[in-house]
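For reference, the chains in residue letters:
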Amino acid sequence: MALRPKIVKLAKMVGGVAGVINKIDETAPEYYALECVVSDEQADVALVMGLRKPRTAQEVAQKCGKPLDETHRVLMELAGIGVCKVWHEDGKELFWVNIFAPGMLEMMVNNRAQLEAHPQIGKAFEEYTRRRISTMAPLFPEGMAMMRVMPVESAIADDPETQPWERLSYYLDKYDKFSVSDCSCRASRRHIDEGCGHLEHEVCIQMGSGAEYYIATGRGREITRQEAEEIIKKAEDMGLMHEGPHTEELGECFAICNCCGCACFSMRIATLFNTPDAIRSNFGAEVDPEKCVACGQCVEHCPTNALQLGQKLCAKTPLPQQKQLTSRDHVWHKDKWNTDYRENRQDVAPEGTAPCKTACPAHIAVQGYIKLAAQGKYREALELIKKENPFPAVCGRICPHGCESECTRAGIDAPIAIDEIKKFIADRELAQGEQFIPQKRYDLGNRIAVVGAGPAGLSCAYYLAIDGYRVTVFEKEEKLGGMLTLGIPSFRLEKDVVEAEIDVLRRMGVEFKTGVEVGRDVTLAQLRAQGYEAFYLAVGAQGGRSLGIEGEEAAGVVSGVDFLRQVALGRGAPLAGEVVVIGGGNVAIDVARTAVRQGAGSVGLYCLESRAEMPALPEEIGEAEAEQIAFHNGWGPKRILTENGRVTGVEFMRCVSVFDAQHRFAPVYDEADTITVKADAVLLSIGQSIQWGGLLQGSKVELGRGQTAQADGFTYQTAEPDVFVGGDCFTGPKFAIHAIAAGKEGAVSIHRYVQPGQSLTLGRDRREYHAFDKDNVVVEGFDNTPRQQAGHAPGRSRTFADARLTFTEEQLKKETERCLGCGAVQVNEYMCVGCGMCTTKCRFDAIRLVKKYHSTPGTYEQLPIKIAANAVKRSGKIVATAVKETLGKG
């Protein structure tokens, strides 16, 4: 199709400086955005109006030579399209053609029906703000781009240097009309399938004449000032920072945009082009390392990745610091952009951060909740934990606490009792009976099915419920909790604790259907037909594994997990005589200790591994030994002896080694060295298997080694697009905390999947952590208090009651004081744009905004002069830097 000259001319006009220097053809975003909705007649009228010149309909009619009523009709059509703005001032109706962006494109995108009919407008918004701004980005003086960051007001409230126009409240006070509209950036991203998971609906605010126009043309909904304040507060709660167009006289601003760094086209000036000076406010973040506890909340919400988790402890040999190049004094081309900024976010500084947060599969803010607990802020500590783990009372009892294994304090005396601290915090909430119910972010309502009520499924349901999804959890057993309820004995995890934490999900609106096996009682296809839009399969690994040896089918030989399940369901048969448990992991220990409680005369545990190699936790082994369970290391079963179809004993052979040089499981036996052990029952605990039943029938889900579901390791999406998996049925048997972490990531993916146009990966934090080198830190001035020990309740030994007590508050205080607080946040001053979002997330008053710049935005018409002046200044810096770097190399 031939180019339309009038549209070309209009595109050049509204492009401003960019329109003058760039070629306009059918591939130009200015052209194809306008061409699809603007007629030649409308273009004629827009052209006579000129750029950014308010005119009445009478003035326009005179200039274009059309009758007034006809001119007014065309002007209102242009206002509906978004090519011009209309408002009333001093009793006059005014029309105004703004620049393409920020301005016209936002208005065109915010016409919802128009965008749906012409999605190329959304594509043009993305392309224009990328292609046209890229060459200009390094040229803008500080804070002089057409959009500018507006700091969170609470972050600058006490700064005496703050100017009135730098405060959001200044604009709320100035105007008396407000509206709220969809975010145009996110709407555009949605239409090109590049959404980041932040949703567009009613998030940006218009004021004054902007609000009048948005209300009149149906782009926005009229709101009160109070509602505007509530929207701003909600945006801050969700981690959205503020920006506004600064193209008018100082103190005039007709919109407050609530932006995320992963979708906003203006923020892309900082994140993609690496030129944050252009949009920054006059403030920058500073961290007080003495107060910072590296909880990571500010890091996760920083829109420009200017904050990273680092170390607080001094390094014996500091890592060399890599010099950061900036656009202030370097020639700036594409090789210096961060083209993958939506996928390569780094939460941790090169030297690493606190080992506890790194080691935790859910990356819980360990330092953070320890500090809050030390301050007596137990509710806040619980809330911080539940950002990553909805089941702290459960995990406080059963977690393998890898965080403690990696604790820096362990190199001095003993690690911090992290699990005991978490247990105290969680138990205090349970004892008070006032459960923390998280605030909903959205109220989305899509129906989601979770299959399996174990830790992965429950975690996924929890985080989906926060986003307001209608979640139904299907569980084939009559009891909820999966292995938490049916695989872990109550002397380690009392079931009222599990039920109390599950009850929070009920109060959040999650529906549970027990005794329903998906694949048998109802199929995935039938659930789709009922309106379920996505599925999270978390069926766990609840079956046992066989040995594949002679006699295994005899009566009295039982899978350990089946044995535990039957006992948990109240259907466990009593034991008597001599019981042999085969296996060396934590489940084997649970099986052995449960056998004691079921009446076994004696229990012997046999495993391939040496004592040092046993996968069971040392404390679990110690508790088993205290119950007179005998351990026999280095023996593997050769055959099970039977008589009349019933087990009578087990023949074992010596296991010489369990692992090969690469530490792969490859046992070597001495079959000549054998022993025979009498047994009245044999409980096999050598691993677990996944039992899919008919769940996957008719689906595209593929299975791999060990019958684990095959899925993307980051998104958990299977070959069936609406089916996601997590927990043991994806990874194979692991600990509950791994499943809980997977459940949250599954919820993130499902949210993105069911919302139109959202990418499963773009703008998503990959949560890649690494710890600092503990051998390279200086540890001094620490508290010499020994590690506190939780006591045991008398009279509970060899019963199903949990004998382990919770810390007293005095013990908690002593233990929290032992924390070295070895992590802290670092600020990249260049990348920080002074939005203040970090200050809203910090519970420790450890980060604040400080005035560092003194730029004053001007009008759009003044911009070329300011860019020219800055270009001269910048050129001198570039030359000086080049000379310095050349001399340095010499």
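A quick note: this is a predicted structure, and the numbers were derived from the prediction, not measured. (Residues numbered from 1 in each chain as written. Predicted model: local features only at pLDDT ≥ 70, side-chain atom pairs only at ≥ 80, totals over all residues. Heavy atoms only, no water.)

Draft legend 1. How the structure looks around the overall build of the protein chain. For the protein chain, the helix and strand inventory stands at 34 helices and 27 strands. Whereas a compact globule of 890 residues would reach a radius of gyration of roughly 29 Å, the protein chain reaches 32 Å, a difference of no more than 12%. Principal-axis analysis of the C-alpha atoms gives the protein chain an extent of 110 × 65 × 55 Å. Residue burial in the protein chain is summarised as follows: out of 890 residues, 59% are buried. A sequence separation of at least 24 residues applies to 75% of the contacts in the protein chain between residues at least 6 apart. Within the protein chain, one finds 104 positive and 119 negative side-chain charges whose respective centroids are separated by 3 Å. (Helix = DSSP H or I, 4+ residues; strand = E, 2+ residues; numbered from the N terminus. Rg over C-alpha atoms; globule rule 2.2 N^0.38 Å. Buried < 20%, exposed > 50% of the residue type's maximum accessible area, 1.4 Å probe, protein only. Contact = heavy atoms within 4.5 Å. Lys, Arg positive; Asp, Glu negative; His and termini not counted. Charge placed at Lys NZ, Arg CZ, Asp CG, Glu CD.)

Draft legend 2. Summary view of the sheet that holds strand E23 (residues 681-684). As summarised here, the arrangement of the five strands in space is E16-E23-E17-E18-E19, forming an open sheet in which the pairing is parallel. Here the strands that pair on one side only, and so sit at the sheet edges, are strand E16 (557-559) and strand E19 (630-633). Geometrically, the sheet is characterised by an average inter-axis angle of 20° between neighbouring strands, direction not taken into account. Bridge count between strand E17 (residues 578-582) and strand E18 (residues 602-607): five bridges; the pairing is parallel. (Pairing = 2+ DSSP bridges. Axes fitted to C-alpha atoms, helices over the stretch in contact; angles between N-to-C directions.)

Draft legend 3. Quick peek at the sheet that holds strand E20 (residues 635-643). Spatial ordering of the open sheet is given by E20-E21-E22, a layout of three strands whose pairing is antiparallel. The two strands at the open ends of the sheet, each matched to only one other strand, are E20 and strand E22 (665-678). Each adjacent strand pair in this sheet contributes to an overall mean axis angle of 25°, direction not counted.

Draft legend 4. The arrangement of the environment of Gln-163 in detail. Along the chain, Gln-163 turns up in the loop between helix H10 (153-156) and helix H11 (168-174). With 119 residues separating them along the chain, Gln-163 and Asn-282 place their C-alpha atoms 9.9 Å apart. A polar contact of 3.3 Å, which involves the side chain of Gln-163, links it to the backbone oxygen of Glu-161. (Polar contact = N/O pair within 3.5 Å; in protein donor to acceptor, adjacent residues only side chain to side chain.)

Draft legend 5. Just the side chain of Lys-744, in detail. With respect to the element layout, Lys-744 can be found in helix H31 (residues 736-754). Under the relative-accessibility criterion, Lys-744 is labelled buried at 19%. At 2.9 Å, the side chain of Lys-744 forms a polar contact with the side chain of Glu-388. Look past the residues within four positions of Lys-744 in its chain and what remains in contact with it is Lys-387, Glu-388, Ser-459 and Tyr-463.

Draft legend 6. Structural context of helix H5 (residues 57-64). Three or more residues of H5 are buried, namely Ala-57, Val-60 and Ala-61. Seen along its axis, H5 keeps its buried residues to an arc of 100°; they face one direction. At its buried positions, H5 is contacted by helix H4 (40-49), helix H6 (68-81) and strand E2 (92-96). Residue Gly-65 follows H5 closely and has a positive phi angle near 70°. (Arc of directions from axis to C-beta.)

Draft legend 7. Representation of empty space enclosed by the protein within the structure. Taken as a whole, this structure holds eight cavities of 30 Å³ or more when the rule is applied. By volume, the largest cavity amounts to about 640 Å³. Along its surface, the largest cavity is lined by 36 residues, and Pro-102, Gly-103, Glu-106, Met-147 and Pro-245 are the ones closest to its centre. Among the secondary structure elements, those contributing two or more residues to the lining of the largest cavity are helix H7 (100-109), helix H9 (120-134), helix H12 (184-191), strand E5 (204-207), helix H13 (209-216) and strand E8 (255-259). Looking at the lining of the largest cavity residue by residue, the classes come out as 22 nonpolar, ten polar and four charged. (1 Å grid on protein atoms, 1.4 Å probe; cavity = no way out; pocket = protein on both sides within 12 Å on 5 of 7 lines; lining within 4 Å. Points joined across faces, edges and corners; volume = space filled by probe spheres on them. Nonpolar A, V, L, I, M, F, W, Y, C, P; charged D, E, K, R; others polar.)

Draft legend 8. View of the packing of aromatic side chains. Within the structure shown, the criterion is met by 15 aromatic pairs. Between Tyr-462 and Tyr-463, the ring centres sit 4.9 Å apart and the planes meet at 85°, which makes this aromatic pair edge-to-face. The residues Tyr-462 and Tyr-463 share a single accessibility class, namely buried. Ring centres of Tyr-606 and Phe-652 lie 4.3 Å apart, and the angle between their planes is 10°; this geometry places the pair in the stacked category. With a gap of 46 residues between them, Tyr-606 in strand E18 and Phe-652 in strand E21 (residues 646-659) connect regions that are remote in the sequence. By relative accessible area, which is 0% here, Phe-652 ends up buried. We note Lys-85 situated over the ring of Trp-87; from NZ or CZ to the ring centre the distance is 4.8 Å. Here the basic side chain of Arg-611 rests over the ring of Phe-631, its NZ or CZ set 5.5 Å away from the ring centre. (Phe/Tyr/Trp six-rings, centres within 6.5 Å; stacked < 30°, edge-to-face > 60°. Lys NZ or Arg CZ within 6 Å of the ring centre and 35° of its normal.)

Draft legend 9. Structural detail: the packing of helix H18 (residues 366-374) against helix H19 (residues 378-386). At their nearest, the axes of H18 and H19 sit 8 Å apart, and the two run at 170° to each other. Between H18 and H19, the interaxial angle falls into the category roughly antiparallel. Between H18, through Gly-368, Tyr-369, Leu-372 and Ala-373, and H19, the contact on the second element is made entirely by Tyr-378, Glu-380, Ala-381, Leu-384 and Ile-385. Its residues assigned to classes, the contact of H18 with H19 comprises seven nonpolar, one polar and one charged. (Parallel < 35°, antiparallel > 145°, perpendicular 65-115°, else oblique.)

Draft legend 10. Broad picture of the nonpolar core. Counting 221 residues, the largest nonpolar core has Leu-34, Tyr-369 and Leu-537 as its most contacted members. Counting residues in each nonpolar core, the second largest holds 24 residues, with Phe-563, Val-579, Cys-607 and Ile-621 among its members. (Core = buried A, V, L, I, M, F, W, Y, C linked by side-chain atoms within 4.5 Å.)

Draft legend 11. Highlighting the pattern of salt bridges. Enumeration according to the criterion identifies 69 salt bridges in this entry. Put simply, Lys-177 and Glu-222 hold a salt bridge, and the shortest N to O gap is 3.4 Å. Taken together, the residues Lys-177 in the loop between H11 and strand E4 (178-181) and Glu-222 in strand E6 (residues 220-223) connect sequence positions 45 residues apart. Note that Arg-221 is salt-bridged to Glu-202, the shortest N-O span being 2.9 Å. In this pair, Arg-221 is assigned in strand E6 and Glu-202 in the loop between H12 and E5, connecting sequence segments 19 residues apart. (Salt bridge = Lys/Arg side-chain N within 4 Å of Asp/Glu carboxyl O.)

Draft legend 12. Looking closely at the pairing of strand E12 (residues 470-475). Summarising burial for E12: five of the six residues are buried, a large majority. Here strand E11 (residues 447-451) pairs with E12 via five bridges, running parallel. By the bridge assignment, Ala-449 is partnered in E12 with Thr-472. The parallel pair E11 and E12, bridged by helix H23 (residues 455-466), forms a crossover whose chirality is right-handed. (Right-handed = clockwise from strand over helix to strand, strands pointing away.)

Draft legend 13. The pairing of E18, seen in detail. In terms of residue burial, E18 counts as a mostly covered element, since five of its six residues are buried. In the classification by handedness, the crossover that spans E17, the intervening helix H28 (residues 586-597) and the parallel E18 is right-handed. Looking at chain direction, E18 and E19 are connected through four bridges and run parallel. Counted as the bridge partner of Cys-607 is Asn-633 from E19. Between E18 and its parallel partner E19, the chain crosses via helix H29 (residues 618-626), and the hand of that crossover is right-handed.

Draft legend 14. Representation of the state of the cysteines in the model. Enumeration over the complete set of coordinates arrives at zero disulfides. Cys-314 carries a free sulfur, and the closest cysteine sulfur to it, the one in Cys-822, is 12 Å from it. Taking relative accessible area as the criterion, Cys-314 reaches 56% and is therefore assigned exposed. (Disulfide = S-S within 2.5 Å.)

Draft legend 15. Spotlight on unusual backbone geometry. In this model, Ala-101 is joined to Pro-102 through a cis peptide bond whose omega is -5°. Phi is positive for Gln-707, close to 65°, though the residue is something other than glycine. Here Gln-707 lies in the loop between strand E24 (688-689) and strand E25 (723-725). For Asp-845, which is not glycine, the phi torsion reads 55° and is therefore positive. Mapped onto the elements, Asp-845 comes out in the loop between helix H33 (837-841) and strand E27 (847-851).

Geometric values such as these leave the question of function open.
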